[in-house]
Amino acid sequence: MPAAGAPWRGEQLALLAGQLHTRQTSSEYAELLDAAEAELGAEATEEQRRNLQLLQLELKRQRCLDPQLVSAITQAQSRGNAIWQAARARNDFSAFAPALKELIKLRQQQASQLASAESIARSPWEILAQPFEPDVSKARLNQLFTPLKRELPVLREKAAAKPQIPPSAQLSENSQNKLCAKLLQSWGYNESCCQHSRSAHPFSCTLGPQDFRITTRVVSGQPLSAFLATAHEWGHSLYEQGLPRSGDHYFPWPLGDATSMGVHESQSLFWECRVARSKEFAGRWHPHFCAELGSDPWNGSTGFWRSLNPLQPGLIRVEADELSYCLHIVLRFELELALIEQELPVEELPQHWNQRLHELLGIKPANDSEGCLQDIHWAEGLFGYFPSYALGHLISAQLSEAMEKALGGDGAIATAISAGQESTLLQWLNQNVYPLGRSVNSEELVEKVSGYPLSADPFLNYLRNKFEQ
């Protein structure tokens, strides 16, 4: 779409949002839900009760919202996205600031209207975060993030003292595409219901019960980026394909939806980091990469493994290494709270971003395009989304720990990868994680599967062990 088309596109989206809101809050819909509950009565299964409970909660939330606000937010999102793209391209935060102010104001109004639908008192930011991470709280996030803020900088400093291995290969776009296709085939890609395409930013989406799509991109100067992005997005898609969407949970009943964005991210991170970045995986795939190149610029599979695991802090979140990624999220979480609840002037955002990034990672952006303008989330008013990315790392580590115990103890995951038996890992996830859907929240899922509450310890232990190797 050309840039000038954005305003009309916003009008269209606002109209659709208004029509959906009218349908989702209508008396006819409410009567249908009440009739379903009455018809099932005491004979309702636990799953049926949970589905109706989630539908009633969403009805209550939607009825709290002013229809004009719903349309206004949609228009502001469309406008904000278009302005952000142009501002980022020109490195001009001042051009984006008015749109960001408007989005903050509208989301604050939304949080105020939704407050009466909450079963417990929540802050404005916590209310906005509920669609992404049900039952999340600032206190709990601070509890989980405090060990990360304490331990990750220490690991990062140790890594900085080690020699770095820069990318040593220039894979052609065709070779990267072939390797990505080979990876997907080895991990169960089914072309009858899946589609792999290209986009400016990698993502995964589900458009129907048998319609699963992922996109990736080839980044100049980063020969391993497309391969790892494919592993990441396919992890998202595998989760979508494994959700309970049959019988009473058929698409799109709430119980067949993802537990949370944090759990969703844990699945993409499992396949990207635990599997595709593992030493055992590097040993198996090193020959495939060398065959495409006709040489071995890594001098063996260990060098290839090191290239898959750069340990150097970067300015860009989506390209950050495992040691610094969660600190990128801490930065955004803190600034969101300041913008939504602490009256941080939008004009001061670049200054606070640069200062806090330097404190956390020891680096500073040269401009706002590689600083506070790099992410699309705030351009669409998606406040409350970012913590799910860090929670995904924590959840992935704790579920991996449980998987290892179930499959034979320490080293079980590595053994399966070495043998090319990733299907064993997928089978465990299909039996223990995917079926839970929205029957639980993310913390309940982790405790149910692992036997103890979510903690930062498994993730930090994973990083220490990997760094030592």
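Above this text you will find the structure in question.
Parameters at a glance
Residues numbered from 1 in each chain as written. Predicted model: local features only at pLDDT ≥ 70, side-chain atom pairs only at ≥ 80, totals over all residues. Heavy atoms only, no water. Helix = DSSP H or I, 4+ residues; strand = E, 2+ residues; numbered from the N terminus. Rg over C-alpha atoms; globule rule 2.2 N^0.38 Å. Buried < 20%, exposed > 50% of the residue type's maximum accessible area, 1.4 Å probe, protein only. Areas by Shrake-Rupley, 256 points an atom, 1.4 Å probe, with all protein chains shown as cover. Lys, Arg positive; Asp, Glu negative; His and termini not counted. Charge placed at Lys NZ, Arg CZ, Asp CG, Glu CD. Pairing = 2+ DSSP bridges. Expected span 1.5 Å × (residues − 1). Bend = angle between axes of the 7 residues up to and from the residue. Salt bridge = Lys/Arg side-chain N within 4 Å of Asp/Glu carboxyl O. Axes fitted to C-alpha atoms, helices over the stretch in contact; angles between N-to-C directions. Parallel < 35°, antiparallel > 145°, perpendicular 65-115°, else oblique. Left-handed = near helix turned anticlockwise from the far one by under 90°. Contact = heavy atoms within 4.5 Å. Polar contact = N/O pair within 3.5 Å; in protein donor to acceptor, adjacent residues only side chain to side chain.

Engineer: Which parts of the structure should I look at to understand the overall build of the protein chain?
Structural biologist: Of the regular secondary structure elements, the protein chain holds 19 helices and 3 strands. Radius of gyration (C-alpha) of the protein chain: 23 Å, near the 23 Å computed for a compact globule of 469 residues. Each of the three principal axes of the protein chain carries a C-alpha extent, and together these read 70 × 55 × 40 Å. Out of the 469 residues in the protein chain, the part that is buried amounts to 52%. Carbon and sulfur atoms make up 51% of the accessible area of the protein chain, which totals about 21,200 Å². In the protein chain, 41 positive and 54 negative side-chain charges are present, and the distance between their average locations comes to 4 Å.

Engineer: What exactly am I supposed to notice about the pairing of strand E3 (residues 211-216) here?
Structural biologist: Two faces make up the sheet, and in a regular strand the side chains alternate between them. Two strands pair when backbone bridges link them, and strand E1 (residues 194-198) and E3 are joined in this way by 5 bridges, in the parallel orientation. Residue pairing in the sheet places Gln-195 in a bridge with Arg-213 of E3. Relative to E3, strand E2 (residues 203-208) runs antiparallel, the two sharing 5 bridges. Across the sheet, Gly-208 pairs through a bridge with Asp-211, a residue of E3.

Engineer: Would you mind showing me how to read helix H11 (residues 279-293) here?
Structural biologist: Along an α-helix, residues three or four apart share an orientation, since each turn contains 3.6 residues. Taking 1.5 Å of rise per residue, 15 residues should cover 21 Å, and H11 covers 20 Å from first to last C-alpha, within 8% of that figure. The sharpest bend along H11 reaches about 40° and sits at Trp-285, with the proline Pro-287 one to four residues further on. After H11 finishes, the residue Gly-294 shows a positive phi value of roughly 80°.

Engineer: Which parts of the structure should I look at to understand the pattern of salt bridges?
Structural biologist: Side-chain pairs of opposite charge can arise whenever the charged atoms involved come near each other. All chains considered together, the criterion is met by 22 salt bridges. In this structure, Arg-277 engages Glu-272 in a salt bridge whose closest nitrogen and oxygen atoms are separated by 2.8 Å. Exposure remark for Glu-272: the relative accessible area of 11% places this residue in the buried category. Among the salt bridges present, the one from Asp-375 reaches Arg-332, with a minimum N-O distance of 2.6 Å. Note that Asp-375 is positioned in the loop between helix H14 (349-361) and helix H15 (387-407) and Arg-332 in helix H13 (residues 325-341), a separation of 43 residues in sequence. As far as the burial class goes, Asp-375 and Arg-332 line up, both buried. Taken together, the shared-partner salt bridges in this structure form one network comprising Arg-61, Glu-118, Arg-122 and Asp-135.

Engineer: Quick question: what am I supposed to make of the packing of helix H7 (residues 138-160) against H13 here?
Structural biologist: To characterise two packed helices, one gives the angle between the axes of the helices and the distance between these axes. Contact pair H7 / H13: the axes reach a minimum separation of 10 Å and the direction vectors enclose 140°. The angle between the axes of H7 and H13 places the two elements in the oblique class. Where H7 crosses over H13, the handedness of that crossing is left-handed. Taken together, the residues of H13 that come into contact with H7 (itself represented by Lys-138, Leu-141, Asn-142, Phe-145, Leu-148, Lys-149, Leu-152 and Pro-153) are Cys-326, Leu-327, Val-330, Phe-333, Glu-334, Leu-337 and Glu-341.

Engineer: Explain the environment of Arg-317 to me, please; I cannot follow it from the model alone.
Structural biologist: Among the structural elements, Arg-317 can be located in the loop between helix H12 (301-308) and H13. Arg-317 sits in the buried class, given a relative accessible area of 5%. Ignoring any residue separated from it by four or fewer positions in sequence, one finds Arg-317 in contact with Tyr-325, His-328, Ile-329, Arg-332, Gln-374, Asp-375, His-377, Phe-386 and Tyr-389. A distance of 3.0 Å separates polar atoms of two side chains, one belonging to Arg-317 and the other to Asp-375.

Engineer: What am I meant to see in unusual backbone geometry here?
Structural biologist: Both trends apply: most residues other than glycine have a negative phi, and most peptide bonds are in trans. Although it is not a glycine, Asp-135 adopts a positive phi angle of roughly 75°. Along the chain, Asp-135 falls in the loop between helix H6 (124-129) and H7. Of note in this structure, Glu-343 is not a glycine but carries a positive phi near 60°. Examined against the element boundaries, Glu-343 turns out to sit in the loop between H13 and H14.

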